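Close look at the chain arrangement
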Amino acid sequence: RGVQAHRLCPPRGAGSSLEPEERSMEPPAVPEEEEEEEEEAVPLSVAPGPVGCQLFGYVGIEAVLDQMKIKTMKTGFEFNIMVVGQSGLGKSTMVNTLFKSKVSRKSSQPGQEERIPKTVQLQSITHVIEEKGVKMKLTVTDTPGFGDQINNENCWDPIIKYINEQYERYLREEILITRKRKIPDTRVHGCVYFVPPTGHWLRPLDLEFMRRLSKIVNVVPVIAKADTLTLEERAEFKQRIQEDLKTHAISVYPQEDFDQDPEDRALNDRIREKIPFAVVGADQEHQVNGKRVLGRKTKWGIIEVENPAHCEFPLLRDLLIRSHLQDLKDITHNVHYESYRVRRLNESNRPG
């Protein structure tokens, strides 16, 4: 022990004030000023490390992005969208315009019974869309019959039931002992709600639907067939809708509670100022100034769908596809599905 004590002690010439070994267990006397400094000092073991470490040469960490891109392109994407609104608001045309293909088809020459369904019927169509080597499995769910009846009481129940059934299907696959490597995802990632262009305010049906559905799915409200409104009517209508949503505490996508950093908040604030988007759908091309453009032909001119000066369809497309598609899927999985999973597991663990 004596040898060990001598090894631990610094040389006497270095100003050491350690006592002999018999008194080494007692804490040495330290002045009050030094005690305060020692309390404020951060121990080396918990001191935060540097934010970044400078490398002496190329390692190849950035190749992880290429690996993720190659793997994702092989497996592909899944995106499920639901369109809700009364008949005649252009839901099918809008979906075809979004993806520039016939992903939502209407039945040719429907009979009288098919034109006006007695109840809300849900129809899902799945397509595989490929662009520049990227494949996306797109599922479009339409809701014919919503809001078309004289008595629309509880017309949202089939829609809520369908959304919860997709959560339940994913949950049952997830809790299996031997589950699939990639669970098929049929959950609804986004619900586009078409508001009729009345120019007045939201109807009680619109408010009640968005209030109920915004708790279980990402709801994006849009003003359908906005070319029927003047610019002044459109601006006033949007302002009234925003006030109604705020008054009834309806949180539509993108939700303020889920902004992760200041950059996301700044981007989403600009989007929230424009919601609901005043959109116009068209699946036919026309010649304008020597160019082929998507638009609706009228007696006084052509309404260009992709022209921001004519309508806000480009904003809706950017939100759903180009900027927030992955965020829609993340919020669906981490927020809406998670709350459903917690509720179902609590119910199953409840005694009796």
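For the structure itself, look to the data block above.
Summary of the structure given here. Here the structure is a predicted model, which is why all the values come from computation and not from measurement.

Here we come to the overall build of the chain. A tally of regular secondary structure across the chain gives eleven helices and nine strands. For the chain, the residues scored as buried account for 36% of the 352 residues in total. Put simply, 66% of the contacts in the chain that link residues at least 6 apart link residues at least 24 apart. Counting every atom, the chain has about 23700 Å² of accessible surface; 51% of that belongs to carbon and sulfur.

For helix α11 (residues 325-349), with 25 residues, the first-to-last C-alpha span of 35 Å sits near the 36 Å given by 1.5 Å per residue. Of all the bends in α11, the greatest, near 40°, is centred on Y337. Residues L325, L328, K329, I331, T332, H336, Y337 and Y340 constitute the buried set of α11. Turning to α11, the residues buried within the fold contact β1 (77-84), β3 (134-142), α6 (157-174) and α10 (313-323).

What follows deals with the pattern of salt bridges. Applying the stated criterion to the full structure yields 16 salt bridges. Here D227 ties to R296 by a salt bridge, and the two come within 3.5 Å at their closest N and O atoms. Of this pair, D227 sits in the loop between β5 (219-223) and α8 (231-247) while R296 is found in strand β8 (residues 291-298), placing the two residues 69 residues apart along the sequence. Using a relative accessible area of 28% as the deciding quantity, one classes D227 as partly exposed. R296 gets classed as partly exposed once you look at its relative accessible area, which sits at 32%.

Among the secondary structure elements, T75 is positioned in helix α3 (residues 63-75). For the pair formed by T75 and V134, sequence separation is 59 residues and the distance between their alpha carbons is 9.3 Å. At 3.2 Å, the side chain of T75 and the backbone oxygen of T72 are in polar contact.

Here the focus is the pairing of β8. Strand residues, when the strand is regular, have side chains that alternate between the two faces of the sheet. Pairing of strand β7 (residues 285-288) with β8, which is carried by four bridges, proceeds in the antiparallel orientation. Note on β8: the bridge partner recorded for Q287 is R292. Counted between consecutive antiparallel strands, the loop separating β7 from β8 contains two residues, among which N289 sits at a positive phi close to 55°. Summarising the sheet, β8 and strand β9 (residues 301-304) pair through four bridges and their orientation is antiparallel. Bridge assignment links K297 to a residue of β9, and that residue is I302. Counted between consecutive antiparallel strands, the loop separating β8 from β9 contains two residues.

With that out of the way, let us pick up the sheet that holds strand β4 (residues 190-195). Taken in spatial order, the six strands make up an open sheet running β2-β3-β1-β4-β5-β6, and their pairing is mixed. Every interior strand has two partners, whereas the edge strands, β2 (123-131) and β6 (277-278), have only one. In the sheet, β1 pairs with β3 via seven bridges, with the strands oriented parallel. Opposite F79, over in β3, you have L138 as the bridge partner.

Criteria and cut-off values
- Residues numbered from 1 in each chain as written.
- Predicted model: local features only at pLDDT ≥ 70, side-chain atom pairs only at ≥ 80, totals over all residues.
- Heavy atoms only, no water.
- Helix = DSSP H or I, 4+ residues; strand = E, 2+ residues; numbered from the N terminus.
- Buried < 20%, exposed > 50% of the residue type's maximum accessible area, 1.4 Å probe, protein only.
- Contact = heavy atoms within 4.5 Å.
- Areas by Shrake-Rupley, 256 points an atom, 1.4 Å probe, with all protein chains shown as cover.
- Expected span 1.5 Å × (residues − 1).
- Bend = angle between axes of the 7 residues up to and from the residue.
- Salt bridge = Lys/Arg side-chain N within 4 Å of Asp/Glu carboxyl O.
- Polar contact = N/O pair within 3.5 Å; in protein donor to acceptor, adjacent residues only side chain to side chain.
- Pairing = 2+ DSSP bridges.

Bear in mind that shape data such as this cannot, by itself, settle questions of function.
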